[in-house]
Amino acid sequence: MTTVSNANFGPAADVINPDGTGDVVLICEHASNAIPTPLNGLGLTDEVRGSHVAWDPGALGVARHLSRALNAPLIAGRVSRLVYDCNRAPESPSAMPAQTERGDIPGNAGLDAAARADRLAAVYRPFCAAVSRVLDSRAARGARTALVTIHSFTPVFHGQTRDVEIGILHDSDSRLADAMLAAADILPGRDIRRNAPYGPGDDVTHSLGLHGVARGLPNVMIEIRSDLLADASGEERMASEVKRLLDPALMVESVWSREGAHA
């Protein structure tokens, strides 16, 4: 494992199993709720910093299990998405949100251009560079690569209960998502849906577009309801279920056809 660091903010990402020879590269943008010391916790309570608004609980555990099971490189964020959300473009209002469903983020209120530039340089750019290095290395040696990002979501959002358990999300390139959804009967009883509880219109597919679609790589974003990831056994179980969807999908010839990619 290697760590990508910045002198003021500390590590931006961990790169786990960088030389993994499987067909998948994993990204977990919201793996951590850490807020660099200079930002004074963004003015938030411990409760808020530990809540889903600051990270995706359980996602890193799932990603680590998949990294081992698939022999896949994993790039995992080391900084809270409230500092900078690495699944958002720099121009997105939610890249450094001043407000979430849990209320105001005092440390993000009224950020000037210099402060925003500092966070881009400290978090977003080194994170993206870490992903690019892994993908460039694989491209140079001709390794077949599918990009898979791992996330979790809350069972209740703005008072609305979410029944979906596993979301299979895609942007313009649906090759891998289509193949995984076609295999959904492998998990009878699971509520598995396309582009749910979020979709491209919700500004959540930035990583897929930047690192997957732009390179012509098959790509998919996996969202898992966080109550299914309440402990280590849940993380392991859900990683196994995601792998059961991925394995047959990666064997579908059309997933690897460049004709299905849309840049």
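Colleague: Please clarify how the overall build of the protein should be interpreted in this entry.
Modeller: Broken down by element type, the protein carries 6 helices and 12 strands. Relative to the globule expectation of 18 Å for 263 residues, the C-alpha radius of gyration of the protein, 18 Å, shows essentially globular dimensions. The burial tally for the protein puts 54% of its 263 residues in the buried class. Long-range pairs, those at least 24 residues apart, make up 80% of the contacts in the protein with a sequence separation of at least 6.

Colleague: Mind showing me how you'd approach the packing of aromatic side chains here?
Modeller: For any pair of aromatic rings, the description consists of the separation of the ring centres together with the inter-plane angle of the planes. Tallying each qualifying case throughout the model produces 1 aromatic pair. The side chain of arginine 144 reaches across the aromatic face of tryptophan 256, ending 4.1 Å from its centre.

Colleague: Mind showing me how you'd approach the packing of helix H4 (residues 175-182) against helix H6 (residues 232-249) here?
Modeller: The description of two helices packed together rests on the angle between their axes and the distance between the axes. Across the interface, H4 lies against H6 with an axial gap of 8 Å and an inter-helix angle of 115°. Between H4 and H6, the angle falls in the class roughly perpendicular. The chirality of how H4 crosses H6 is right-handed. Taking contact as the criterion, the partners of Leu176, Ala179 and Met180 in H4 are, on H6, Val242, Leu245, Leu246 and Ala249. Considering only residue class, the contact of H4 with H6 consists of 7 nonpolar, no polar and no charged.

Colleague: Would you mind showing me how to read the pairing of strand E10 (residues 166-169) here?
Modeller: The side chains of a regular strand alternate, residue by residue, between the two faces of the sheet. Neither face of E10 is open: one carries Ile166 and Ile168, the other Gly167 and Leu169, and all of them are buried. As judged from the 3 bridges shared by E10 and strand E11 (residues 192-194), these two strands associate in the parallel manner. Following the sheet pairing, isoleucine 168 is matched in E11 by arginine 194. Handedness of the crossover joining E10 and E11 through H4 is recorded here as right-handed.

Colleague: Would you explain the environment of arginine 78 in this entry?
Modeller: Residue placement: arginine 78 occurs in the loop between strand E4 (74-77) and strand E5 (99-100). Separated by 171 residues in the primary sequence, arginine 78 and alanine 249 place their C-alpha atoms 30 Å from one another. In terms of polar contacts, arginine 78 uses its side chain to reach the side chain of aspartate 14, at 3.0 Å.

Colleague: Mind showing me how you'd approach the packing of helix H2 (residues 59-70) against H6 here?
Modeller: Running from N to C, H2 and H6 cross one another at 50°; their axes reach a closest spacing of 8 Å. Judged on the interaxial angle alone, H6 and H2 are oblique. At the point where H2 passes H6, the crossing takes the right-handed sense. Contacts between H2 and H6 involve Gly61, Val62, His65, Leu66, Ala69 and Leu70 from the first element and Ala232, Glu235, Glu236, Ala239, Val242, Lys243, Leu246 and Asp247 from the second. Split into classes, the residues belonging to the contact of H2 with H6 amount to 8 nonpolar, 2 polar and 4 charged.

Colleague: How should I be thinking about the state of the cysteines in this particular structure?
Modeller: Where two cysteines share a covalent bond between their sulfur atoms, that bond is called a disulfide. If you walk through the whole model with that rule in mind, you get 0 disulfides. A disulfide-free cysteine, cysteine 86 has its sulfur positioned 6.2 Å from the sulfur of cysteine 128, the nearest such atom. The class of cysteine 128 is buried, set by a relative accessible area of 9%.

Colleague: I would appreciate a short explanation of H6 in the present structure.
Modeller: Along an α-helix, residues three or four positions apart point the same way, because every turn accommodates 3.6 residues. Taking 1.5 Å of rise per residue, 18 residues should cover 26 Å, and H6 covers 26 Å from first to last C-alpha, within 8% of that figure. Next to the buried residues of H6 lie H2, strand E7 (146-153), E10, H4, E11 and strand E12 (219-225).

Colleague: Just checking my understanding: could you explain the pairing of E7 for this structure?
Modeller: Taken across its 8 residues, E7 has 8 buried, putting it largely inside the fold. Going residue by residue along E7, you find Ala146, Val148, Ile150 and Ser152 tucked away on one face and Leu147, Thr149, His151 and Phe153 tucked away on the opposite face as well. Looking at chain direction, strand E3 (residues 24-28) and E7 are connected through 4 bridges and run parallel. From the neighbouring strand, isoleucine 27 faces E7, where its bridge partner is threonine 149. Note that E7 and E12 share 7 bridges and pair parallel. Of the residues in E12, the one forming a bridge with isoleucine 150 is isoleucine 222.

Reading the values: the criteria
- Residues numbered from 1 in each chain as written.
- Predicted model: local features only at pLDDT ≥ 70, side-chain atom pairs only at ≥ 80, totals over all residues.
- Heavy atoms only, no water.
- Helix = DSSP H or I, 4+ residues; strand = E, 2+ residues; numbered from the N terminus.
- Rg over C-alpha atoms; globule rule 2.2 N^0.38 Å.
- Buried < 20%, exposed > 50% of the residue type's maximum accessible area, 1.4 Å probe, protein only.
- Contact = heavy atoms within 4.5 Å.
- Phe/Tyr/Trp six-rings, centres within 6.5 Å; stacked < 30°, edge-to-face > 60°.
- Lys NZ or Arg CZ within 6 Å of the ring centre and 35° of its normal.
- Axes fitted to C-alpha atoms, helices over the stretch in contact; angles between N-to-C directions.
- Parallel < 35°, antiparallel > 145°, perpendicular 65-115°, else oblique.
- Left-handed = near helix turned anticlockwise from the far one by under 90°.
- Nonpolar A, V, L, I, M, F, W, Y, C, P; charged D, E, K, R; others polar.
- Pairing = 2+ DSSP bridges.
- Right-handed = clockwise from strand over helix to strand, strands pointing away.
- Polar contact = N/O pair within 3.5 Å; in protein donor to acceptor, adjacent residues only side chain to side chain.
- Disulfide = S-S within 2.5 Å.
- Expected span 1.5 Å × (residues − 1).

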